Structure formats: structure tokens, C-alpha cells
Amino acid sequence: MITLNYRDARPIYEQVCDGLRRLIVSGAIADGDKLPSVRALATQLAINPNTIQRAYNELETSGYCCSVPGKGCFAVHTYRAQDDARRLSLEQQLRHGRERRRHSSIVQGGRSEMIEVRGLKKTFDGFAALDGADLSVPRGAVYGLVGPNGAGKTTLLRHLTGVYHQDSGSVTFDGQPVWENADVKARIASIPDDWFYFMQAGLRDMMRFYRGLYPKFDQERFEKLREVFALDEKRPLRRMSKGQQKQAAFWLALCTMPDYLILDEPVDGLDPVMRRQVWSLILQDVAERGTTVLVSSHNLRELEDVCDHVGVMSRGKLLLEHSLSELQDYTVKLQLAFEGAELPALPQEIKVLHHAQTGRVHTLICRGSAEELEQQLAALHPIFIDAVPL
């Protein structure tokens, strides 16, 4: 029923919680069905019963189950479970739709890229924020751009939205440059980490501003989304919390009916329920309208549930681009240390995509499986070696 992955960075109780939640959402555990007892599930998974109890407490707090003293814990199909079920359905539609579009592109011999970045360079006061970055986002994809802080993600996104002009290279949307191109920009909605609003404006004031900028702004959708984003439209945005401001940004962006949605650390400040609702709306647009989404984060774990393509960025360059399944299966991040500070010569069969060093600890991103790489590197007699989440 539930499998555990001990290489997963998440705590075991979270993996148990996610496994049970998926069974409830998918209908494998029906509304009112009794969940396995704490002791029975702990025995099955060979883990501490306290870990199972913590997972059950988390599920009950989230509204997915209800405990009855002396009788056990029972599944509950609340609005949250229904919302997650709708999201799972949309993800299935998204996968089927993307397969159809990929097949159509192959049959027609056409190119599938909608967003292309080639050889992008940008320097600030002698510092190369972007150093020949290349990026290809397929049509209708949900593309995750990941990398550590300072990798150049935000600088790249500002070029994609036409805020910055590159020193060299090109940025095109469906073959058209974005810089000073009003027609292309009218099809892009962006939510940066520091979302802009007029200091004295309320949400309805910003709605009128957006409606004047975007030809396809959907007033009817704005009214419907009032049920999702329960915000005071007259209250000045500067008096709202960070989470409320982020909700307002999503409300307005989705109403522009964009062909391209560009998001920089989008769910920071949102509570878990609102995160699910926002992603449900985004995935609905991807499935029904073919919206292309590019979202940046420093944490791959935040994106792996929603993205189908991932680019890993470091020091102003894209190290690699793959579908998420390929990245998870064939790319490994290893940390290891040796007696000396220098990294010994590695076997030729190990393909290193990235190498960083902090003191005596070396961090390698390599192609291949974790088990094979650890066996190959063991011949170098490291003090320690560990596979860590990307």
C-alpha cells in the first residue's frame, strides 16, 4: 500500500502521510473506510509506531481523516481531498495533452519550443550574472528552473519578461524577440519575487490597471476567482500580509489569460491549502489552454509534484535540461571528502556535470545511478560519501 524511499530527503512520517493522502484522494481508500491501525502499519513498514501516529495526526489536522476513540482512524473526503483529486485529474489531462502535442509536432515535423534562450550573457559591474545561458521550454510544459541562491535564475527571468536587455545572446518567444515587443509581452504574465503594486492601490485598482494593459483580461474570471481568493478588494495592498499580496498577484495574473506564465519562487508565503488551490488553477490552464509555465525555485522538492521538465542552473549557466523523470533517474548529487583537500582523479566513466568544494567536502552532480557511482568512487577510499537530494 505504501512504500518508503530512504534516499528521499523528506522525513519518514511525511512519506507515510503523502502515501495515505494519495490513496484517499485517488479513491483507493473510500470515504469512511477505516485506516490500518498504527501498530499494523508500523509492523508492515518496519518503523516506529510513533512515526505512524505522527503521520495520522498530520492527516487529521489537514482534514483527510478523523479518529474515533476506541474504534480507530477513518478516511474523510473533505473539500481538500476533492481539490487534490481534481488536481490529480488535471495532471493526468496534462500528461495526455502533452503526449498529443508531442506526437503532433513529430508528425508535422515542426519545432516544439515556445521559449528559447541562446548564449545569454549579462554583466553587472564586472560580475557575470549570466554567462552563456541556454534554455529551451517546450510548448505547453510546466518547466522548473532550479539552482542555488545566486545562480542567476531571477536575472534570467527578468530577461524573459523584457525587464533586462542582454549584453549578448537572444531571448525569443515562438521565434519573436521579447525586448521592446509589446505584442509578445501582452501574452506573458509574470509574478516576480518582489511583485509591483502602486503604494495607494487596492486589489480592484490594480485590476483596472491590468485590464488596461492586457487585451485578453477576463473580467468574468476575475469575478469567479473571488470565491478562491477571499481578499478585501478595497484594502490597500501595502497593508496586506506577504501571503495575501501573493494571492492578489495570482488572482490578477490568471485573469490576463496568458500564453506564458513566468513565476519566481511563486508559493513563498502561501499556506499549504492555498498552494494546492493555486497549482490546481495553473494546471487547469495548462491542460485546457496549453499555457506554458516557467517556474523558478532553489528547491527541486517544491517542483517535482507539478513540473514535467527541469533545468538545473549554476553560476549563470544551465548545467542540464531534462524531463523530471530522466533527471531523477539518471542524475545524482553526491557529497564526499578525502584525507587531503584536493579531489583525486576520477574514473573516466564518471561523467561530472558540476563540481563544487567547501573545505574538504566535494559536491558532485553526476550522470548515473547512486549505487553505481558510490561503488566506483569507493575505490578512491573517501572518508565519507553520501547521495543527497538535488
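Scroll up a little and you will see the structure.
The structure reproduced in this document is the subject of the present report.

### Examining the nonpolar core
Nonpolar side chains tend to gather and get buried jointly when the protein is soluble and globular. Within the largest apolar cluster, 50 residues are counted, with the highest numbers of intra-cluster contacts made by F229 and I282. With eight residues, the single largest contributor to this core is helix 9 (residues 242-255). When neighbours within four sequence positions are excluded, I282 is seen to be in contact with F250, L254, L261, L263 and V293. With 24 residues, the next largest nonpolar core counts L120, A151, L156 and L160 among its residues.

### Overview of a nonpolar patch on the surface
Residues F196, F198, F209 and L213 make up a contiguous nonpolar surface patch of roughly 380 Å² in combined accessible area. Topologically, F196 is positioned in the loop between strand 8 (188-191) and helix 7 (203-213).

### Side note on the sheet that holds strand 16 (residues 384-388)
Strand order in the open sheet formed by four strands is 14-15-13-16, and the pairing between neighbours is antiparallel. Edge strands, defined here as strands with exactly one partner in the open sheet, are strand 14 (352-358) and strand 16. Shown here is a sheet whose adjacent strand axes are inclined to one another by a mean of 20°, direction ignored. For strand 13 (residues 331-337) and strand 16, the ladder comprises five bridges, and the chain directions are antiparallel. Following the sheet pairing, L334 is matched in strand 16 by A387. Along the sheet, helix 13 (residues 370-378) contacts strand 13, strand 15 (361-367) and strand 16; its crossing angle with strand 13, the most-contacted strand, is approximately 30°.

### Digging into the sheet that holds strand 10 (residues 292-297)
Sheet architecture is open: six strands sit in the order 8-9-10-5-11-12, paired in mixed fashion. For this open sheet the edge positions go to strand 8 and strand 12 (317-323), each flanked by a neighbour on one side alone. Neighbour to neighbour, the strand axes of the sheet diverge by 15° on average, direction disregarded. Pairing of strand 8 with strand 9 (residues 260-264), which is carried by four bridges, proceeds in the parallel orientation. Bridging from a neighbouring strand, S190 pairs with I262 of strand 9. Together, strand 8 and strand 9 form the strand contacts of helix 9, whose direction differs from that of strand 8 by roughly 175°. Of the strands in this sheet, strand 5 (142-146), strand 9 and strand 10 touch helix 10 (residues 272-289), which is tilted by about 145° from strand 10.

Rules of the game
Residues numbered from 1 in each chain as written. Predicted model: local features only at pLDDT ≥ 70, side-chain atom pairs only at ≥ 80, totals over all residues. Heavy atoms only, no water. Core = buried A, V, L, I, M, F, W, Y, C linked by side-chain atoms within 4.5 Å. Buried < 20%, exposed > 50% of the residue type's maximum accessible area, 1.4 Å probe, protein only. Helix = DSSP H or I, 4+ residues; strand = E, 2+ residues; numbered from the N terminus. Contact = heavy atoms within 4.5 Å. Patch = residues over 30% accessible without salt bridge, like charges linked within 9 Å, V, L, I, M, F, W, Y side chains within 5 Å. Areas by Shrake-Rupley, 256 points an atom, 1.4 Å probe, with all protein chains shown as cover. Salt bridge = Lys/Arg side-chain N within 4 Å of Asp/Glu carboxyl O. Pairing = 2+ DSSP bridges. Axes fitted to C-alpha atoms, helices over the stretch in contact; angles between N-to-C directions.

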